[in-house]
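Single-letter residue listing:
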Amino acid sequence: MTGAILDIRGLKKSFGGLHVTNDLTYAVRGGALDAIIGPNGAGKSTFFNLLTGYHRADAGTIVFAGEEITRAAPERIVKLGISRAFQVSNIFHRMTVFENVRTAVQAQTGLSLEFFRPARGLALDQTDEIIHQCGLASRAGIVSGRLSQGDKKRLELALALSGKPKLLLLDEPTAGMSREEAESTMDLVAALNRDLGITVVFTEHDIAAVFKYAERITLLSRGTMIVSGTPEEIRRNEDAQKLYLGESIHG
Ligand SMILES: Nc1ncnc2c1ncn2[C@@H]1O[C@H](COP(=O)(O)OP(=O)(O)OP(=O)(O)O)[C@@H](O)[C@H]1O
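Everything numeric here is computed off the predicted structure, so don't read it as measured data.

1. A short note on the overall build of the protein chain
- Regarding its fold elements, the protein chain presents nine helices and ten strands.
- Compactness check: the protein chain gives a C-alpha radius of gyration of 19 Å against a globular reference of 18 Å for 251 residues, within 12% of the reference.
- With the C-alpha coordinates aligned to their principal axes, the bounding extent of the protein chain is approximately 55 × 40 × 35 Å.
- Counting across all 251 residues of the protein chain, residues that qualify as buried make up 50%.
- Restricting to contacts in the protein chain with at least 6 residues of sequence separation, those with at least 24 account for 65%.
- Surface summary for the protein chain: the accessible area is close to 12,200 Å², and the carbon and sulfur share equals 50%.
- In the protein chain, 29 side chains carry a positive charge and 29 a negative one; their mean positions are 4 Å apart.

Okay, structure coming up:
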């Protein structure tokens, strides 16, 4: 793919005898907002674990922004610009929204705010900016444990932004949300993609969100890519219908 920010060829990973990632070739255009779908156990999380260096591939290559990262350590991959917002929350629930984001920004800069005043000012500016970008300004002083599900997801996105990512990986960003919260969360993801130019790849079981927001959809099953295309192409694809979508998108 020309203009690909992520280029994956022949990626393989097995656990015991189970081929969880099975000769996967996949590319993402810089600036894209793409979805990965598939049944439970299809290998979506494992794929993200390989991308972030949490698991080591058995074979194949992963190239990100022109650099091979197949065997890179997680810290190196984060530094190069891949950030992941987890399905399971990363938030410190007793801290306020502001304190959570400031802590993440501070961890990213690696400087102590207590001893280095210019760094402190920069970190506070960046904290404010991220809180605004994520629509959390009116929640900045609230203890994070008290946030609604939708606002918790906004905070997770804010924490992911602290690393100034080029590529954001989202595990089921609308899991456990009402329809309104899901829409509002995906509107924010789309805004971060459009306004900040961050490439986004998200996994999702919420098919309505996938078809509304994704520019390209890739269906995985048993660790293999079954089909990848525009929402319209996936909607019309017989394998996608048979393996995953069933009747759910006809209406
Ligand atoms: N560390 C591991 N050791 C052994 N098996 C694993 C490991 N991680 C994942 N698996 C297996 O790999 C398969 C794919 O799991 P994975 O979590 O990647 O799927 P998924 O598509 O993300 O599923 P879901 O939609 O339920 O989140 C499953 O059969 C799982 O049990």
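2. With respect to the site of the ligand
- Neighbouring the ligand are 13 residues, the closest being Gly41, Gly43, Lys44, Ser45 and Thr46.
- Contacts to the ligand include Asn40, whose side-chain N or O atom sits 3.1 Å from an oxygen atom.
- Measuring from an oxygen atom of the ligand, one finds a side-chain N or O atom of His205 at 3.0 Å.
- Bound to the protein, the ligand loses 61% of the 640 Å² it would expose on its own.
- Put simply, the parts of the chain that give the shell around the ligand at least two residues each are strand 2 (18–29) and helix 1 (44–51).
- Per-class residue counts for the shell around the ligand are five nonpolar, six polar and two charged.

3. Thoughts on the packing of aromatic side chains
- Applying the stated rule across the entire model yields two aromatic pairs.
- An angle of 85 degrees between the planes, with centres 5.6 Å apart, marks the rings of Tyr26 and Phe47 as edge-to-face. Note that Tyr26 is positioned in strand 2 and Phe47 in helix 1, a separation of 21 residues in sequence. The two residues Tyr26 and Phe47 agree in class, both being buried.
- Their ring planes at 40 degrees and their centres at 6.3 Å tell us that Phe47 and Phe48 sit as a pair that is tilted.

4. Focus: the confidence of the model for the protein chain
- Residues at a pLDDT of 70 or more form 92% of the protein chain, whose mean pLDDT is 91.
- Across the assembled chains, the prediction reports ipTM 0.93 with pTM 0.91.

5. Regarding the nonpolar core
- By size, the foremost hydrophobic cluster in this structure holds 44 residues, and its most contacted members are Val101, Cys134, Leu155, Leu170 and Phe202.
- Of all the elements, helix 5 (residues 149–161) adds the most residues to this core, at six residues.
- In terms of nonpolar packing, the next biggest core, distinct from the first, is built from 26 residues, Ala57, Ile62, Ala72 and Ile77 among them.

6. Quick notes on the sheet that holds strand 5 (residues 67–68)
- Spatially, 2-1-4-5 is the arrangement adopted by the four strands of the open sheet, whose pairing is antiparallel. The strands lining the two open edges of the sheet, one partner per strand, are strand 2 and strand 5.
- Bridge count for strand 1 (residues 4–15) against strand 2 is nine bridges, and the pairing is antiparallel. Within the sheet, the bridge partner assigned to Ser14 lies in strand 2 and is His19.
- Lying on the sheet, helix 1 is in contact with strand 1, strand 2 and strand 4 (59–64); it crosses strand 1 at an angle near 115 degrees.

Here is what the cut-offs are and how they apply
One numbering rule holds for all chains: residues counted from 1, following each sequence as written. Selection of residues for local features in this predicted model requires a pLDDT of at least 70, selection of side-chain atom pairs for listing and counting requires 80 or more, and totals for whole chains, interfaces and linings are taken over all residues. Working from all heavy atoms in the structure, the side-chain values ignore hydrogens and water. Runs of H or I in DSSP of at least four residues are treated as helices and runs of E of at least two as strands, each being numbered from the N terminus. Radius of gyration here uses only the C-alpha atoms, and the compact-globule reference equals 2.2 Å multiplied by the residue count raised to the power 0.38. Type-normalised accessible area, obtained with a 1.4 Å probe on protein chains alone, sets the label of each residue: buried when under 20%, exposed when over 50%, and partly exposed for intermediate values. Whether two residues are in contact is decided by their heavy atoms, any of which lying within 4.5 Å being enough. Only the protein chains shown count as covering a residue, and every accessible area follows the Shrake-Rupley method with a 1.4 Å probe. For the charge count, each Lys or Arg is scored as positive and each Asp or Glu as negative, with His and the chain ends excluded. To locate a charge, take atom NZ for lysine, CZ for arginine, CG for aspartate or CD for glutamate. Throughout this document, a residue counts as near a molecule or strand when at least one of its heavy atoms sits within 4 Å of that molecule or strand. By the criterion applied in these results, polar contacts are pairs of N or O atoms within 3.5 Å in which, for protein atoms, one can donate a hydrogen and the other can accept it, and in which residues neighboring in sequence qualify only through two side-chain atoms. Here the nonpolar group is Ala, Val, Leu, Ile, Met, Phe, Trp, Tyr, Cys and Pro; Asp, Glu, Lys and Arg are the charged ones; every other residue, Gly included, is treated as polar. Classification of ring pairs rests on two measures: the distance between centres of Phe, Tyr or Trp rings, Trp counted by its six-membered ring, which must be within 6.5 Å, and the angle between planes, read as stacked under 30 degrees, edge-to-face over 60 and tilted in between. In predicted models, pLDDT denotes the confidence assigned by the predictor to each residue on a 0 to 100 scale. Here, nonpolar core refers to any group of buried Ala, Val, Leu, Ile, Met, Phe, Trp, Tyr and Cys residues whose side-chain atoms link them within 4.5 Å. At least two bridges found by DSSP between two strands are what make those strands a pair. For every element, the axis is a line fit to its C-alpha atoms; helices are fit only across the contacting stretch, and the angle between N-to-C directions ranges from 0 to 180 degrees.

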